[in-house]
Amino acid sequence: MPEVRLRFAPSPTGYLHVGGARTALFNWLLARKEGGKFILRIEDTDVARSTQESVDAILDGMRWLGLDWDEGPFYQSDNFPLYKEFVEKLLAAGKAYKCYCTAEELESKRERALQEGRKPKYDGTCRELTGEQAGKPYVVRFRAPQDGVTGFDDLIKGRIAFNNEELDDLIIQRSDGTPTYNFVVVIDDATMGITTVIRGDDHVNNTPRQILLYEALGYPVPHFAHVPMILGADKTRLSKRHGATSVMAYRDMGFLPEAMVNYLVRLGWSYGDEEIFSRDDLVEKFSIENVGRSAGVFNPDKLLWLNAHYIKNGDPVRLAGLLVPFLAERGVDPATGPDLVAVVKTLQERARTMLELADGAVFYYRREFDYDEQAAAKFLKPEVAPLYEALLAKLAALSSFSHDGIEAAFKALCEEQVIKMGQIGPPVRIALCGGTTSPSIYEVMEVLGAAETQRRLERALTKLRG
Ligand code: GLU
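Procedures and definitions
Residues numbered from 1 in each chain as written. Predicted model: local features only at pLDDT ≥ 70, side-chain atom pairs only at ≥ 80, totals over all residues. Heavy atoms only, no water. 1 Å grid on protein atoms, 1.4 Å probe; cavity = no way out; pocket = protein on both sides within 12 Å on 5 of 7 lines; lining within 4 Å. Points joined across faces, edges and corners; volume = space filled by probe spheres on them. Nonpolar A, V, L, I, M, F, W, Y, C, P; charged D, E, K, R; others polar. Pairing = 2+ DSSP bridges. Helix = DSSP H or I, 4+ residues; strand = E, 2+ residues; numbered from the N terminus. Axes fitted to C-alpha atoms, helices over the stretch in contact; angles between N-to-C directions. Salt bridge = Lys/Arg side-chain N within 4 Å of Asp/Glu carboxyl O. Buried < 20%, exposed > 50% of the residue type's maximum accessible area, 1.4 Å probe, protein only. Phe/Tyr/Trp six-rings, centres within 6.5 Å; stacked < 30°, edge-to-face > 60°. Right-handed = clockwise from strand over helix to strand, strands pointing away. Near = heavy atom within 4 Å. Polar contact = N/O pair within 3.5 Å; in protein donor to acceptor, adjacent residues only side chain to side chain. Areas by Shrake-Rupley, 256 points an atom, 1.4 Å probe, with all protein chains shown as cover. Sits in = over half its atoms within 2 Å of the grid points. Parallel < 35°, antiparallel > 145°, perpendicular 65-115°, else oblique. Left-handed = near helix turned anticlockwise from the far one by under 90°. Contact = heavy atoms within 4.5 Å.

Asks: Could you clarify how one ought to interpret empty space enclosed by the protein in this entry?
Replies: Left-over empty space is what a probe sized like a water molecule reveals as it rolls over the atoms. With the rule as written, the count across this model stands at 2 cavities of 30 Å³ or more. Considered as a void within the structure, the largest cavity measures approximately 50 Å³ in volume. In terms of lining residues, the largest cavity is bounded by Lys121, Tyr122, Gly124, Arg127, Ala144, Pro145, Gln146, Leu167 and Asp169. Partitioned by chemical class, the residues of the lining of the largest cavity number 4 nonpolar, 2 polar and 3 charged. Around the second largest cavity, the lining residues are Phe142, Ala144, Leu167, Asp168, Leu170, Arg209 and Leu212.

Have a look at this one:
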């Protein structure tokens, strides 16, 4: 069996879009599953629209998702001499020809065709020209067959066929000497030995033209798999109107790459009714046959659900590392307070995003903070003062300031004072965290440590006494 070779071929005209990321992921997965190669090719022949910034953004997005490539990045802009060579080859073989029709001539023919109810198509004026028209600008056109059918078995969509009659004699080189998109894609895929092309289904109409070029050049035609597009909830093509479409925006909104990968793969691919897939699972289970024919609908709630799953089950050491920049945005340097890994362990059960994790962690590191007004009005009553004092005494007597010891102290306090946990819990929570929602207070106290717990309780007591 020849080696399976796949590629992702983004045009660097913007960031890595979720649709592009999914295409990259499908290619990557198939390459990894088949033990083949995954190649990255930057399609930057449109010099006016391509930027280095976009290249960097795309590479960042791929690295963040963990889609490592085996070859490349190759840049089409480095390949102009190669494209030129192939144009010459086709010209020499009579499989391409120079067309001297001017833009105005073509436009008026187009208009006439439209007026007469015909589909506009190049009329072949220069097809049979012999001899050069020296000094006159020209484009190079591919001499496409004028009858017959060009078809292919799409690995996702099934048989797709076009009447050659419908296809124009494609321009492969513009009058300024630059090659055109459909041509360079074929030269690259052919010379890079790409065996399967997985790409968005907005390219279906390009495929027959490309197949004819493979045939004319004598290269084997790869398999094609055209992935249906991604829609927003209103069933229109996913766009900024539906929310963020840049993969890196999701990182900034606190999503984990494994959640994003899991989410993206399921936007089109399924495996029974399973939802959670590790990267290894995916490499083992992924197949093009299980990519659906209908468009996937982007569902932010499901992404959030998956993210919550991965945070909850994530390695706290890794999460702590990822959390640092989010804390920095909140003016928090975790070196100034309790161990961040211990902090994460108290919060990861409930946080759905890294932003929620960061928001939840801030109170551990703030020495001064305001109490939530409503909660304070409700729970910080004068009768709480003796309870704080009794608690401080109990905590001071603990031999080990651990979760279980702290819990036992609270139990004993409730018995002695004949109160319920509901009477002491909320005011203590306010003293420690500023509000009434937080992880378990035993956990919070253990993580804050004896001295800081004491300081926060005394601070609340002082405020209470006003
Ligand atoms: N550069 C094209 C795009 O970004 C992809 C072409 C291809 O995959 O064949 O849409």
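Let's pick the thread back up.
Asks: Would you take a moment to explain the sheet that holds strand β8 (residues 171–173) for this structure?
Replies: For sheets, the rule is that strands pair by backbone hydrogen bonds, running either parallel or antiparallel. Pairing is antiparallel across the open sheet formed by 3 strands, whose spatial order is β4-β5-β8. Looking at the sheet topology across the chains shown, the edges are occupied by β4 (96–99) and β8. Sheet twist, expressed as the average angle between the axes of neighbouring strands with direction ignored, equals 45 degrees. Of the strand pairs in this sheet, β4 and strand β5 (residues 139–142) are connected by 4 bridges, and their pairing is antiparallel. Looking at the pairing, cysteine 99 lines up with valine 139 of β5.

Asks: Please explain the pattern of salt bridges as it appears in this structure.
Replies: Pairing is possible between side chains that carry opposite charge, provided their charged atoms lie close to one another. With the rule as written, the count across this model stands at 39 salt bridges. Here glutamate 128 ties to arginine 127 by a salt bridge, and the two come within 3.8 Å at their closest N and O atoms. Among the residues examined, arginine 127 registers a relative accessible area of 10% and is labelled buried. One salt bridge connects glutamate 452 with arginine 456, and the closest N-O pair in it is separated by 2.7 Å. One end of the pair, glutamate 452, and the other, arginine 456, are both in helix α19 (residues 450–465), 4 residues apart, so they sit about a helical turn from each other. Note on glutamate 452: relative accessible area 14%, which makes it buried.

Asks: How do you make sense of the packing of aromatic side chains when you look at a structure like this?
Replies: Each aromatic ring pair is described using two quantities: the centre-to-centre distance and the angle formed by the ring planes. Enumeration according to the criterion identifies 15 aromatic pairs in this entry. Plain terms: the ring middles of phenylalanine 86 and tyrosine 219 are 6.4 Å apart, the flat faces sit at 50 degrees to each other, and that makes the pair tilted. With phenylalanine 86 in helix α3 (residues 80–92) and tyrosine 219 in the loop between α6 (207–217) and β10 (223–227), this pair connects stretches of sequence that are 133 residues apart. Look at phenylalanine 86 and you get buried, because its relative accessible area is 4%.

Asks: Could you clarify how one ought to interpret the pairing of strand β9 (residues 196–200) in this entry?
Replies: Sheet faces and side chains relate simply in a regular strand, where the side chains alternate between the two faces. Most of β9 is tucked away, with 5 of its 5 residues classed as buried. Bridge analysis of β9 against β10 gives 5 bridges, and the strand direction is parallel. Paired with glycine 200 across the bridge in β10 is valine 227. Tracing the backbone out of β9, into α6 and back to the parallel element β10 gives a crossover that is right-handed.

Asks: Help me understand the site of the ligand, please; the structure alone is not making it clear to me.
Replies: Around the ligand lies a shell formed by Arg7, Ala9, Pro10, Ser11, Glu43, Tyr181, Val185, Arg199 and His203. Measuring from a nitrogen atom of the ligand, one finds a backbone N or O atom of alanine 9 at 2.7 Å. A distance of 2.9 Å separates a nitrogen atom of the ligand from a polar atom in the side chain of serine 11. Look at the ligand: alone it shows 300 Å² of surface, and the protein chains cover 80% of it. In this structure, the ligand is accommodated by the largest pocket. Looking at the shell around the ligand, its residues break down into 4 nonpolar, 2 polar and 3 charged.

Asks: Can you walk me through the sheet that holds strand β1 (residues 5–8) in this structure?
Replies: In spatial order, the strands read β1-β2-β3; together these 3 strands make up an open sheet with parallel pairing. Each edge of the open sheet carries a strand with a single partner, namely β1 and β3 (71–75). The sheet shows a mean angle of 25 degrees between the axes of neighbouring strands, taken without regard to direction. The sheet contact formed by β1 and strand β2 (residues 37–42) spans 4 bridges and is parallel. The partner of leucine 6 across the bridge, within β2, is phenylalanine 38.

Asks: For this particular structure, what's the right way to read the layout of surface pockets?
Replies: Approximately 830 Å³ is the volume attributed to the largest pocket. Residue lining of the largest pocket: 30 residues in total, with His17, Gly19, Gly20, Asp202 and Arg237 positioned closest to the centre. Where the lining of the largest pocket is concerned, the elements lending two or more residues are β1, α1 (18–33) and β9. Ranked by residues supplied to the lining of the largest pocket, first place goes to α1 with 4 residues. Class assignment of the residues belonging to the lining of the largest pocket gives a composition of 13 nonpolar, 9 polar and 8 charged.

Asks: Could you clarify how one ought to interpret the packing of helix α15 (residues 385–396) against α19 in this entry?
Replies: Axis angle and axis distance: for two packed helices, these are the angle between their axes and the distance between the axes, and together they describe the pair. Viewed as axis vectors pointing N to C, α15 and α19 meet at an angle of 160 degrees, and their least axial separation amounts to 10 Å. For the element pair α15 / α19, the angle class is roughly antiparallel. The interaxial crossing formed by α15 with α19 has left-handed handedness. In this structure, α15 uses Ala385, Tyr388, Glu389, Leu391, Leu392 and Leu395 to contact α19, whose residues at the interface are Thr453, Gln454, Leu457, Glu458, Ala460, Leu461, Leu464 and Arg465. Here the residues of the contact of α15 with α19 are counted per class, giving 9 nonpolar, 2 polar and 3 charged.

Asks: Would you explain the environment of threonine 178 in this entry?
Replies: Residue position: threonine 178 is located in the loop between β8 and α5 (181–191). Taking the C-alpha atoms as reference points, threonine 178 and proline 386, 208 residues apart in sequence, are found 84 Å from one another. A distance of 2.6 Å separates a polar atom in the side chain of threonine 178 from a polar atom in the side chain of aspartate 176.

Asks: Is there a simple way to think about the side chain of glutamine 173 in this case?
Replies: The topology assignment puts glutamine 173 in strand β8. Leaving out residues up to four positions away in the same chain, glutamine 173 has contacts with Lys84, Val87, Val139, Val140, Thr178, Pro179 and Thr180.

Asks: I'm lost on unusual backbone geometry in this one. Help?
Replies: Excluding glycine, most residues fall at negative phi; most peptide bonds, likewise, are trans. Here the residue pair glycine 72 and proline 73 is connected by a cis peptide bond, since its omega of 0 degrees sits within 30 degrees of zero. Within the secondary structure layout, proline 73 lies in strand β3. Non-glycine residue lysine 235 carries a positive phi angle of around 70 degrees. Tracing the chain through its elements places lysine 235 in the loop between β11 (230–231) and α7 (247–252). We classify lysine 235 as exposed; its relative accessible area is 56%. Even without being glycine, valine 418 reaches a positive phi, approximately 50 degrees. Residue classification places valine 418 among the exposed positions, given a relative accessible area of 72%.

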